[in-house]
Amino acid sequence: MIVASANYLYNNRGEVDKLNVFPVPDGDTGTNMAYTLLYAAKELEKVQDTVKEVLEATSKGTLMGAKGNSGVILSQIFRGFAKHLKNLKKISTCDFALGLKAGVEAAYKAVMRPVEGTILTVSRETAEEALRICREVQEFEDFLERLIGKAEQSLENTPNLLPILKEAGVVDSGGMGFVYVLRGMLKGLKGNKIEIVEDLEEKKELQLHKEELKYLYCTEILVKTNKKYSEALFKERFKNFGDSLVVVAEDDLLKVHVHTNNPGLVLEEGVKIGELIKVKIDNMKLQHETIIEENKKPKKKYGILVVATGEGVKEIFENLGCDVIVDGGQTMNPSTNEILQGIEKINAEHIFVFPNNKNIVMACEQAKKLTDKKVEVIPTRNFNEAVTAILALDLEKEFDENVRAIEEVLKSVRTIEVTFAVRESKVNGFDIKEGDVLGFIDEKLELVGKDYNEVAEKLIAKAISPDTSLITIYYGKDVTRERAEGLRNLISKDVEVEIHYGGQPLYYYVISIE
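Sequence order as written defines the numbering, with residues in each chain counted from 1. Where totals are concerned, whole chains, interfaces and linings use all residues; where local detail is concerned, this predicted model gives features only for residues with pLDDT of at least 70, and gives and counts side-chain atom pairs only at 80 or more. Neither water nor hydrogens contribute to the side-chain values; these are computed over all heavy atoms in the structure.

A. Geometry of the pattern of salt bridges. Only one rule defines a salt bridge in this text: a Lys or Arg side-chain nitrogen within 4 Å of an Asp or Glu carboxyl oxygen. All chains considered together, the criterion is met by 31 salt bridges. Among the ionic pairs, Glu152 bridges to Arg183, the shortest N-O distance being 2.8 Å. In this pair, Glu152 is assigned in helix α8 (residues 140–161) and Arg183 in helix α10 (residues 173–189), connecting sequence segments 31 residues apart. Relative accessibility thresholds used throughout: buried, under 20% of the residue-type maximum; exposed, over 50%; partly exposed, between the two (1.4 Å probe, protein chains only). Residue classification places Glu152 among the partly exposed residues on the basis of a relative accessible area of 29%. Glu443 is the partner of Arg381 in a salt bridge, and the nearest nitrogen-oxygen pair spans 4.0 Å. Here Glu443 lies in the loop between β12 (437–441) and β13 (444–449) and Arg381 lies in the loop between β8 (374–377) and α17 (383–391), a separation of 62 residues in the sequence. The class for Arg381 is partly exposed, based on a relative accessible area of 30%. Counting from the N terminus, the helices are the DSSP runs of H or I reaching at least four residues and the strands are the DSSP runs of E reaching at least two.

Here it is as structure tokens:
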């Protein structure tokens, strides 16, 4: 049921992603929930089919694989569910109902400000229905059919509970993801084998932490082939080279990922099949030893982990002395495990973590709970806030003083984001067409236009005040330096303006006003 659910949600993640309220190109709720469950499915490969082992592996897998707020909430539902039921040898429909109730309660507790009209509502009302019918419906197929019906009914009602959904004309994306989870479970229960339908370009591998290193080299090849083969045939050809084998074949392209002690053999096999387009070989032992050597060094007072994307943004953080930069941001939220591994690499008395996206904050908080290190998560919503916060960090001050100083300085920062619409929508009274330029101030949609420089100029004029001392423009990978300088020339000469190449995808500008 869990594996079928994970695969079914993954195959339908695009439908869930499209439900993002704002029509910006960063709707990734379905993707985050799918990867959260897929991590659990990977954990299930290691266990026996007892209730206890299956639930413990699912709880651990969803916890470590949780991506984004929706993934963290889903992980909490499974965590509460597993905790309530893991000591049973068999599960009745009423046991399932009580477990689901416990999972929903855990999810509500995990969210600082629970909002109705979301996955929380859909899961809660589904649990209430489960408790109501479990005594009369004891066959699990009928039971799940009834729960899915209730979940779908609850999902359809989410726009009536959350005005922003009604205005945009959509149901809640997390709630839709939960419905797909239940549908996938029913398919698994009925014995339907759900296989993942993979998109080669979107393939993201799930790397699980291993204590003992059996193979030295993480090897990846991309091969252009002359004819089509089945993935099963490829897996047979590469399976003896090592473990962690992932093979994806699509049309005339083949991607192979394997942990091996003989990367040359993998390359030779690839050459037999076709033309090598891309080769990547990493020495995992060397990476591991580097971490160990780092940990042998004396602890420094403060360490910094940031989540960031964009070539220029990452370079800025490197220059600011950040210890670990976790790749991620809009559309690519890192998992709890990826953040945790980053934290473990830092040898410092206190570690500051900057999520730089509201959808990553919960995963960072979850990683904080899983480490013994002293970690403070600063809930930054964008990378420009982290830049300001890091510049405010004083190495001579005590930890608590720095936390207060950072919180204070962040109150003085306003953030402008300029992006584009990926679909038609209606938000905050704006009728939005696909391709329109969207302008946000502190995450609120304030302007819709056709030219990103004009939108940015108007937003800056609206956001600045007599107290504004600095405007910093970070231009994205689709904007030229000339256009960014053209924007600067439009701004009042009474304020200092800096321009930096951010290289961030999807967003023409991220502008910081201090």
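B. Quick peek at the packing of aromatic side chains. When the centres of two rings from Phe, Tyr and Trp lie within 6.5 Å, Trp using its six-membered ring, the rings pair. Their planes under 30 degrees apart give stacked, over 60 give edge-to-face, and anything left gives tilted. This model, assessed by the stated rule, comprises 16 aromatic pairs. Here Phe140 and Phe143 contribute two aromatic rings whose centre-to-centre distance is 5.8 Å and whose plane-to-plane angle is 90°, an arrangement assigned as edge-to-face. One end of the pair, Phe140, and the other, Phe143, are both in helix α8, three residues apart, so they sit about a helical turn from each other. Like Phe140, the residue Phe143 is buried in the burial classification. With centroids separated by 6.4 Å and ring planes inclined at 20°, the aromatic side chains of Phe352 and Phe354 adopt a geometry described as stacked. Among the residues examined, Phe352 registers a relative accessible area of 0% and is labelled buried. An aromatic cluster of at least three residues, connected via ring pairs, comprises Phe81, Phe96, Phe140 and Phe143. Two conditions define a charge sitting above a ring: the NZ of Lys or the CZ of Arg must be within 6 Å of the ring centre, and it must be within 35 degrees of the ring normal. The ring of Tyr180 has Arg183 sitting right over it, with the charged end atom 5.1 Å from the ring centre.

C. The arrangement of the sheet that holds β13 in detail. Any two strands with at least two DSSP bridges between them are considered paired. Strand order in the open sheet formed by six strands is β13-β12-β9-β16-β14-β15, and the pairing between neighbours is mixed. Either end of the sheet is taken by a strand with one partner, and the two such strands are β13 and β15 (496–501). Recorded for the sheet is a direction-independent mean angle of 20° between the axes of neighbouring strands. Inspection of the sheet shows strand β9 (residues 414–420) paired to strand β16 (residues 509–513) by five bridges, in the antiparallel sense. Opposite Arg414, over in β16, you have Ile513 as the bridge partner. Every angle, taken between N-to-C directions, lies between 0 and 180 degrees, and every axis is a line fitted to C-alpha atoms, over only the stretch in contact when it is a helix.

D. Spatial organisation of the sheet that holds strand β6 (residues 324–327). The parallel open sheet is built from four strands, whose spatial order is β6-β5-β7-β8. Whereas interior strands pair on both sides, the edge strands pair on one side only; in this sheet they are β6 and β8. On average, adjacent strands in this sheet sit at an angle of 20° to one another, irrespective of strand direction. Relative to β6, strand β5 (residues 300–308) is paired through four bridges, and the arrangement is parallel. Across the sheet, the residue bridging to Val307 is Val326, located in β6.

E. Looking closely at the pairing of strand β7 (residues 348–354). By the criterion of burial, β7 is predominantly enclosed, with six of the seven residues buried. Here six bridges tie β5 to β7, and the two strands are oriented parallel to one another. Note that in β7 the partner of Tyr302 across the bridge is His350. The pairing of β7 with β8 spans four bridges and is classified as parallel. From the neighbouring strand, Val353 faces β8, where its bridge partner is Val377. In this fold, the crossover linking β7 to β8 by way of helix α16 (residues 361–369) has right-handed handedness. With strands facing away from the observer, any crossover in which the path from the first strand over the helix to the second runs clockwise is taken as right-handed.

F. Quick look at helix α1 (residues 2–11). Across the 10 residues of α1, eight count as buried, placing the element largely inside the fold. Listed in full, the buried residues belonging to α1 are Ile2, Ala4, Ser5, Ala6, Asn7, Tyr8, Leu9 and Tyr10. Packing partners of the buried residues in α1 comprise α2 (13–17), α3 (29–44), α4 (51–65), α5 (68–85) and α10. Throughout, a residue-residue contact means that at least one pair of heavy atoms, one from each residue, lies within 4.5 Å.

G. Fine view of the nonpolar core. We call a set of buried Ala, Val, Leu, Ile, Met, Phe, Trp, Tyr and Cys residues a nonpolar core when their side-chain atoms join them within 4.5 Å. Among the nonpolar cores identified, the biggest contains 90 residues, and Phe143 and Leu305 are the most heavily contacted of them. Aside from chain neighbours lying at most four places away, what touches Phe143 is Thr93, Phe96, Ala97, Ala130, Ile133, Cys134 and Val137.

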